[in-house]
Amino acid sequence: SATGKYKSLGTTTKLTYTHTKATAGTVYFYKIVANASSSKYNSPYSNIVSCGVNCAAPAVKVSLNSSGKPALSWGKVTGAVRYEIYKNGTLLTAVTGTSYTDTAAQAGESCSYTVKAINNIADYNSAKSNGVTVTATCATPKITGKVGENKKPVITWAEVEGATKYIVCRSTSKSKGYKVIGETEAPTYEDLTAAKSKTYYYKVVAVGDGFQSAQS
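Here's what I pulled together on the structure shown here. (Residues numbered from 1 in each chain as written. Predicted model: local features only at pLDDT ≥ 70, side-chain atom pairs only at ≥ 80, totals over all residues. Heavy atoms only, no water.)

Focus on the packing of aromatic side chains
At step 1: Scanning the model with the defined rule gives 4 aromatic pairs in all.
At step 2: Aromatic pair Trp-157 and Tyr-166: ring centres 5.3 Å apart, planes at 65 degrees, arrangement edge-to-face. You'll find Trp-157 and Tyr-166 in the same group, each marked buried. (Phe/Tyr/Trp six-rings, centres within 6.5 Å; stacked < 30°, edge-to-face > 60°. Buried < 20%, exposed > 50% of the residue type's maximum accessible area, 1.4 Å probe, protein only.)

Spelled out as structure tokens, the structure:
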């Protein structure tokens, strides 16, 4: 309140001061005293200035989940009661949590997102966040393997939406050394080059028109 009881926030030798503990959604009133080397020579109080505190803009990160969909996350913003999510400049939805997955994004779609923190009082909403852009991809295939009728490894998986083909990689080590051994348009692959009595490990990548999934 302009006419309320004023508390000392601190002192500074600079010509500027930031009230770091100010709460979003609150209006504060300030006045300043210039201090001399002896307090009897201090100035009177300055004119009073007021300032309403906005929410901070969220710091947004984006990644792709196993389904190839954009997954947004950000830290909790003091004073925010919800968060508005914008996609390519248009309001997409609002959430009360600090994450959101765009399940409607199509494989190959380039998506740019910003997030705004919303206060109970609209005047104190945040500015839009930094923009984050990502291209949605195919889902990561979930593969299984067995020895087929030809005594060779047969790898299978469910069809992946948006995929036009699948790249199959193989290694003799589970953790490294995977190399491409072939590709297929069908959700299955028989490794006819596999040697008898040898253990192999496989990964599959779903490929679309200009994009691809993570390795299975």
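Topic: the nonpolar core
At step 1: In terms of nonpolar packing, the biggest core is built from 18 residues, with Leu-72, Trp-74, Tyr-83, Ile-85 and Tyr-113 touching the most fellow members.
At step 2: Secondary-structure elements contributing two or more residues to this core are strand S5 (82-87), strand S8 (110-118) and strand S9 (132-135).
At step 3: Counting residues per element, this core draws most heavily on S8, at 4 residues.
At step 4: Judged by nonpolar contacts, the second largest core, of 13 residues, contains Ile-155, Tyr-166, Tyr-189 and Val-204. (Core = buried A, V, L, I, M, F, W, Y, C linked by side-chain atoms within 4.5 Å. Helix = DSSP H or I, 4+ residues; strand = E, 2+ residues; numbered from the N terminus.)

A look at the sheet that holds strand S15 (residues 201-207)
At step 1: Spatial ordering of the open sheet is given by S13-S12-S15, a layout of 3 strands whose pairing is antiparallel. On the outer flanks of this sheet lie strand S13 (179-184) and S15, each paired with one strand and no other. With strand direction ignored, the average angle separating the axes of adjacent strands in the sheet is 25 degrees.
At step 2: Bridge count for strand S12 (residues 165-171) against S15 is 7 bridges, and the pairing is antiparallel. Across the sheet, residue Val-168 finds its bridge partner in S15, namely Val-204. (Pairing = 2+ DSSP bridges. Axes fitted to C-alpha atoms, helices over the stretch in contact; angles between N-to-C directions.)

Details of the sheet that holds strand S3 (residues 61-64)
At step 1: The 3 strands are arranged S3-S4-S7 in an open sheet whose pairing can be described as antiparallel. Each having just a single partner strand, S3 and strand S7 (99-101) make up the two edges of the open sheet. Neighbour-to-neighbour, the strand axes of this sheet turn through a mean angle of 20 degrees, independent of strand direction.
At step 2: Inspection of the sheet shows S3 paired to strand S4 (residues 70-73) by 4 bridges, in the antiparallel sense.

Structural measurements only, silent on function.
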